[in-house]
Amino acid sequence: NAGVTQTPKFQVLKTGQSMTLQCAQDMNHNSMYWYRQDPGMGLRLIYYSASEGTTDKGEVPNGYNVSRLNKREFSLRLESAAPSQTSVYFCAERDRNYGYTFGSGTRLTVV
Amino acid sequence: GQQLNQSPQSMFIQEGEDVSMNCTSSSIFNTWLWYKQDPGEGPVLLIALYKAGELTSNGRLTAQFGITRKDSFLNISASIPSDVGIYFCAGQLNTGNQFYFGTGTSLTVIP
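Only a predicted model underlies this, so the values are computations on that prediction, with no experimental measurement involved.

Rules of the game
- Residues numbered from 1 in each chain as written.
- Chains lettered and ligands numbered in written order.
- Predicted model: local features only at pLDDT ≥ 70, side-chain atom pairs only at ≥ 80, totals over all residues.
- Heavy atoms only, no water.
- Helix = DSSP H or I, 4+ residues; strand = E, 2+ residues; numbered from the N terminus.
- Contact = heavy atoms within 4.5 Å.
- Polar contact = N/O pair within 3.5 Å; in protein donor to acceptor, adjacent residues only side chain to side chain.
- Buried < 20%, exposed > 50% of the residue type's maximum accessible area, 1.4 Å probe, protein only.
- Pairing = 2+ DSSP bridges.

A.B. asks: What exactly am I supposed to notice about the environment of Glu79(A) here?
C.D. replies: All names here are of chain A. Looking at where Glu 79 falls in the secondary structure, it is placed in the loop between strand 8 (74–78) and strand 9 (87–94). Here the alpha-carbon distance between Glu 79 and Thr 55, two residues 24 residues apart in the chain, equals 17 Å. Contact partners of Glu 79, with chain neighbours within four places excluded, come to Gly 16, Gln 17, Ser 18, Gly 63 and Asn 65. Among the polar contacts made by the side chain of Glu 79, one reaches the side chain of Arg 77 at a distance of 3.0 Å.

What follows is the structure, given as structure tokens:
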């Protein structure tokens, strides 16, 4: 099925641990995004990539890094996880003339 | 970041009733999107609006791009139990690649 695939679906980390969230899209679109969703806050943009080889900061980039490995893949890395990074993370890709297609999310808990 | 105010925050309605929700901003947007999120899933695009005054329907859903370009409205007619979820608006400024999301309206439909 066409869409956005995120892994893992769930993750528990200890404070200070690192991890990479993976995202892949099979719709051959240029733009990809990482959002976090917190209760009462809606979706907030962490980083985005307008095309392969480019990345830009969004509203809440601190504590995160990203890699646009190729047109298909866009990963989000937490180098030293903090409890404030407990959230649901969504990857999305965008059709220029349409809107975002979101993955099903990664539920991250940092203890 | 941009503030999008969605109201109401939550709604509890009887099956068969109509629903109205809105999204307002202090900034002018050139695109409005409406999404629905089911529990444990990523948001799914319902309707996209590209012109001030535009009225677009998708089945029982109708959305409007406000004339001032600072607001948008979503109506659901004859609600059914599967309408339960969180509805998000998202707006895009004239400049930049980013969409800003509202904080969501949680809808509960009582059979």
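On we go from here.
A.B. asks: Would you mind showing me how to read the pairing of strand 4 (residues 31–38) of chain A here?
C.D. replies: It is a general feature of regular strands that their side chains alternate between the two faces of the sheet. Residues and elements named next belong to chain A. Counting buried residues in strand 4 gives eight out of eight residues, a clear majority hidden from the surface. Judged by which residues are buried, strand 4 turns out to be covered on both faces: Ser 31, Tyr 33, Tyr 35 and Gln 37 on one side and Met 32, Trp 34, Arg 36 and Asp 38 on the other are all buried. Direction of pairing for strand 4 relative to strand 9: antiparallel, over a ladder of seven bridges. Looking at the pairing, Trp 34 lines up with Cys 91 of strand 9. Here strand 4 pairs with strand 5 (residues 42–49) via seven bridges, running antiparallel. Pairing of Tyr 33 across the sheet is with Tyr 48, part of strand 5. Counting the residues in the hairpin turn of strand 4 and strand 5 gives three residues, including Gly 40, whose phi is positive at 75 degrees.

A.B. asks: How should unusual backbone geometry be read in this particular structure?
C.D. replies: Most peptide bonds adopt trans geometry, and most residues besides glycine take a negative phi value. At the junction of Thr7(A) and Pro8(A), the peptide bond is cis and its omega measures out at -5 degrees in the coordinates. Secondary-structure assignment places Pro8(A) in the loop between strand 1 (4–7) and strand 2 (10–13). A cis amide bond links Ser7(B) with the next residue in sequence, Pro8(B), at an omega value of -5 degrees. Mapped onto the secondary structure, Pro8(B) falls in the loop between strand 1 (4–7) and strand 2 (10–14). For Arg69(B), which is not glycine, the phi torsion reads 65 degrees and is therefore positive. Along the chain, Arg69(B) turns up in the loop between strand 7 (61–65) and strand 8 (71–76).

Bear in mind that shape data such as this cannot, by itself, settle questions of function.
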